[in-house]
Amino acid sequence: MLPLPAVFSPESLIARALNALLRREPWAAERLSRHAGKSLRFQLAGLQASFSIDAGGHLRACDPAVVPDVSLSLAAQHLGELPGILGSRDVAAITDRLHVQGDAALAT
């Protein structure tokens, strides 16, 4: 069986979805572009995805061996709450449950 091309990796698919959101919110892409060349890692329970930021403020999947500039983690016990929190857009509720490690400016 042939391996799937990199374009179908979970990280690439997540990056495409996040970039679609960034295209709808140009202010967010502009803020991310200030951090071009940096990397970040999302960890949700046992799953993780690593990304780098390009000059246009968009995300690209990167090698998980890269040490991220910032790591954003959400523990397994909070996963069930995530849809409700995101739907309410309650930033405090998200930040209370999110563990941030690394570059605080990038995390913001």
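Just above sits the structure.
Read on for a plain summary of the structure.

**Digging into the packing of helix H1 (residues 10-24) against helix H2 (residues 26-33)**
- Taken N-terminus to C-terminus, the directions of H1 and H2 make an angle of 110 degrees; their axes are 5 Å apart at the nearest point. It follows from the interaxial angle that H1 and H2 lie roughly perpendicular. Contacts between H1 and H2 involve Leu22, Arg23 and Arg24 from the first element and Pro26, Ala28, Ala29 and Leu32 from the second.
- Residue classes in the contact of H1 with H2 are distributed as five nonpolar, no polar and two charged.

**As for the side chain of Ser73**
- Positionally, Ser73 belongs in strand E4 (residues 70-74).
- Taking the relative accessible area as the measure of exposure, Ser73 reaches 16% and is therefore buried.
- A polar contact is formed between the side chain of Ser73 and the side chain of Gln43, at a distance of 2.8 Å.
- Discounting chain neighbours no more than four positions away, the residues touching Ser73 are Gln43, Arg97, Leu98 and His99.

**What about the sheet that holds E4?**
- Spatial strand order, E3-E2-E1-E4-E5: five strands in an open sheet with mixed pairing. Looking along the sheet, the strands with just one partner apiece sit at the ends: strand E3 (59-61) and strand E5 (98-102). Put simply, the sheet's adjacent strands are angled 25 degrees from each other on average, direction ignored.
- The pairing of E4 with E5 spans five bridges and is antiparallel. The residue of E5 that forms the bridge with Ser71 is Gln101.

**A word on the pattern of salt bridges**
- Applying the stated criterion across every chain, the model contains three salt bridges.
- Of the charged contacts in the structure, one is a salt bridge between Glu30 and Arg34, with a shortest N-O distance of 3.0 Å.
- Glu30 gets classed as partly exposed once you look at its relative accessible area, which sits at 40%.
- Judged by relative accessible area, which is 58%, Arg34 ranks as exposed.
- Note that Arg60 is salt-bridged to Asp54, the shortest N-O span being 3.0 Å.
- The partly exposed category is assigned to Arg60, whose relative accessible area is 42%.

The rules behind each value
Per-chain numbering applies: the sequence of each chain, read as written, is numbered from 1 onward. Thresholds applied to this predicted model are a pLDDT of at least 70 for local features of residues and 80 or more for the giving and counting of side-chain atom pairs; totals over whole chains, interfaces and linings are not thresholded and use all residues. In computing side-chain properties, one takes all heavy atoms of the structure into account and sets aside hydrogens as well as water. All axes here are fitted lines through C-alpha atoms, helices being fitted over the stretch that makes contact, and every angle between N-to-C directions spans 0 to 180 degrees. Runs of H or I in DSSP of at least four residues are treated as helices and runs of E of at least two as strands, each being numbered from the N terminus. For classification, angles of less than 35 degrees are called roughly parallel, those exceeding 145 degrees roughly antiparallel, those between 65 and 115 degrees roughly perpendicular, and all remaining angles oblique. Only heavy atoms matter for contacts: two residues are in contact if any of them lie within 4.5 Å across the pair. Following the grouping adopted for this structure description, the nonpolar residues are Ala, Val, Leu, Ile, Met, Phe, Trp, Tyr, Cys and Pro, the charged ones are Asp, Glu, Lys and Arg, and the polar ones are all others, Gly among them. Remark: exposure states derive from per-residue accessible area (1.4 Å probe, protein chains only) relative to the maximum for the residue type, with buried under 20%, exposed over 50%, and partly exposed in between. Polar contacts here mean pairs of N or O atoms no more than 3.5 Å apart (in protein, one a potential hydrogen donor and the other a potential acceptor; neighbouring residues in sequence count only if both atoms are side-chain atoms). Two strands make a pair as long as DSSP finds a minimum of two bridges between them. Salt-bridge detection follows one rule: a side-chain nitrogen of Lys or Arg within 4 Å of a carboxyl oxygen of Asp or Glu.

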